[in-house]
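Listed below, chain by chain, are the residues.
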Amino acid sequence: MKKSVTLIGMPGAGKSTVGVLLAKSLLADFADTDLIIQRETGKSLCEIIEREGTERFLEAENRIICSQSFDRAVIATGGSAVYGEEAMEKLKSISTVVYLSLPVEELEKRIKDIHTRGVAMKNGVTLRELYEERRCLYEKYADITVECNGLTAEECVEKIINMI
């Protein structure tokens, strides 16, 4: 593995789960940007969003991703990382960006309450509306798109390895 691999996609797409398994398969490090943000700020994602607002969270996410050095790693991003242009430019320059794509109906089955996950979204927005808003950004930044519907995490990993 010459470069890192970055996983992007909606909350519930399996970025963290697939990322750990992919890192093991590639003998790479694993980094979860949501956990890095929590460590750097000393707050949960929900706390940051509730206390400081979505815009401040997105600024922090962008800044923190840009400040990290990822070397031979599988990087699982938060679903909102694609809003940070600088962060995505950095990730594209150091990694192959893989979009884990799932239909919104499958995401709705996987996520019971999106508001408990620390998701950067405006009040009153549904998961379906968030999906429509973000899908074009995932497609824009992806080097590879992996359709994960009906696949186990292990099958997704196999598909990614074959594609990269």
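Residues numbered from 1 in each chain as written. Predicted model: local features only at pLDDT ≥ 70, side-chain atom pairs only at ≥ 80, totals over all residues. Heavy atoms only, no water.

Draft legend 1. Local environment of the pairing of strand 4 (residues 95-101). Among the seven residues that make up strand 4, seven are buried, leaving the element largely enclosed by the rest of the structure. Relative to strand 4, strand 1 (residues 4-8) runs parallel, the two being bridged by five bridges. Across the sheet, Ser-4 pairs through a bridge with Ser-95, a residue of strand 4. With four bridges connecting them, strand 4 and strand 5 (residues 144-147) associate as parallel partners. Directly across from Leu-100, in strand 5, lies its bridge partner Val-146. (Buried < 20%, exposed > 50% of the residue type's maximum accessible area, 1.4 Å probe, protein only. Helix = DSSP H or I, 4+ residues; strand = E, 2+ residues; numbered from the N terminus. Pairing = 2+ DSSP bridges.)

Draft legend 2. How the structure looks around the environment of Ile-8. Residue position: Ile-8 is located in strand 1. Put simply, Ile-8 and Glu-139 are 131 residues apart on the chain and 9.6 Å apart in space, counted from C-alpha to C-alpha. In this structure Ile-8 touches Lys-15, Thr-77, Val-82, Met-88, Val-97, Val-98, Tyr-99, Leu-100, Tyr-138, Tyr-141 and Ala-142, once residues within four positions along its chain are discounted. (Contact = heavy atoms within 4.5 Å.)

Draft legend 3. Focus on the side chain of Thr-77. The residue Thr-77 is located in the loop between strand 3 (73-76) and helix 5 (85-94) in this model. A polar contact of 2.8 Å, which involves the side chain of Thr-77, links it to the backbone oxygen of Leu-7. Filtering out sequence-adjacent residues up to four positions away, Thr-77 remains in contact with Thr-6, Leu-7, Ile-8, Lys-15, Thr-33 and Leu-91. (Polar contact = N/O pair within 3.5 Å; in protein donor to acceptor, adjacent residues only side chain to side chain.)

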